[in-house]
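Examination of the molecular architecture
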Amino acid sequence: MQDTIVEKVLKHPKYAELVQRRTRVSMAFFAVALAIYSGFILTLAYMPDVFARPLGAGWTMSVGVFTGILVVFSAVIMIALYVYFSNKTFDPLLEEIVRDVEWKSFF
């Protein structure tokens, strides 16, 4: 019985919409993360002197340390945003699909 429910969920038209939405959001997050991380690494590789500079006159923290902290915070923010999208958009749609399939398979 469980296999037939899974097959019905995979064939459900709203499941295709769910997969399409989730893929689009995931790819957007991937593109942002790729830009942030590759920008950080490429700057470090080709312009290391930029990261060696202090943030300001008399500061002991360098631009590199500050930028690294920003990269970590951006990852945390993106994770929180993805969880928000998942809880508000993807999970209710998946629940609706499963409920619809279980209801139809009940009769």
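Okay, so let's go over this structure. Worth saying up front: this structure is predicted, and the values here are computed from it rather than measured.

Rules used throughout
- Residues numbered from 1 in each chain as written.
- Predicted model: local features only at pLDDT ≥ 70, side-chain atom pairs only at ≥ 80, totals over all residues.
- Heavy atoms only, no water.
- Helix = DSSP H or I, 4+ residues; strand = E, 2+ residues; numbered from the N terminus.
- Rg over C-alpha atoms; globule rule 2.2 N^0.38 Å.
- Buried < 20%, exposed > 50% of the residue type's maximum accessible area, 1.4 Å probe, protein only.
- Lys, Arg positive; Asp, Glu negative; His and termini not counted.
- Charge placed at Lys NZ, Arg CZ, Asp CG, Glu CD.
- Expected span 1.5 Å × (residues − 1).
- Core = buried A, V, L, I, M, F, W, Y, C linked by side-chain atoms within 4.5 Å.
- Patch = residues over 30% accessible without salt bridge, like charges linked within 9 Å, V, L, I, M, F, W, Y side chains within 5 Å.
- Areas by Shrake-Rupley, 256 points an atom, 1.4 Å probe, with all protein chains shown as cover.
- Salt bridge = Lys/Arg side-chain N within 4 Å of Asp/Glu carboxyl O.
- Polar contact = N/O pair within 3.5 Å; in protein donor to acceptor, adjacent residues only side chain to side chain.
- Phe/Tyr/Trp six-rings, centres within 6.5 Å; stacked < 30°, edge-to-face > 60°.

As a further point, take the overall build of the protein chain. Across its full length, the protein chain holds four helices and zero strands. The helix and strand sequence of the protein chain, counted from the amino end, reads α-α-α-α. The C-alpha radius of gyration computed for the protein chain amounts to 22 Å, which surpasses the reference 13 Å derived for 107 residues by more than 25%, pointing to a less compact arrangement than a globule. The buried share of the protein chain, reckoned over its 107 residues, is 21%. Side-chain charges of the protein chain comprise 10 positive and 9 negative groups, with the mean position of each set lying 5 Å from the other.

Counted at 1.5 Å a residue, the expected span for helix H2 (residues 13-46) with its 34 residues is 50 Å, and the 49 Å between its end C-alpha atoms agrees. Along H2, the residues classified as buried are Tyr 15, Leu 18, Val 25, Phe 29, Ala 33 and Phe 40.

As a further point, take the nonpolar core. Formed by Ile 5, Val 9, Tyr 15, Leu 18, Val 25, Phe 29, Ala 33, Met 78, Phe 90, Leu 93, Ile 97 and Val 101, the largest nonpolar core amounts to twelve residues. Where this core is concerned, the elements lending two or more residues are helix H1 (2-11), H2 and helix H4 (63-106).

Turning to a nonpolar patch on the surface, a few remarks are in order. A cluster of nonpolar side chains, namely Leu 55, Trp 59, Met 61, Val 65, Phe 66, Ile 69, Leu 70, Phe 73, Ile 77, Leu 81, Tyr 84 and Phe 85, defines an oily patch on the protein surface of about 1100 Å² accessible area. One can find Met 61 in the loop between helix H3 (48-52) and H4. Residue Met 61 is classed as partly exposed on the basis of its relative accessible area of 31%.

Okay, the side chain of Ser 74 next. Residue placement: Ser 74 occurs in helix H4. Look at Ser 74 and you get buried, because its relative accessible area is 17%. From its side chain, Ser 74 meets the backbone oxygen of Val 71 in a polar contact 2.6 Å long.

Under the counting rule described, the total for this entry stands at five aromatic pairs. Seen from their ring centres, Phe 29 and Tyr 82 are 5.8 Å apart, and the 80° between their planes marks the pair as edge-to-face. Of this pair, Phe 29 sits in helix H2 while Tyr 82 sits in helix H4, and the two are 53 residues apart along the sequence. Residue classification places Phe 29 among the buried residues on the basis of a relative accessible area of 15%.

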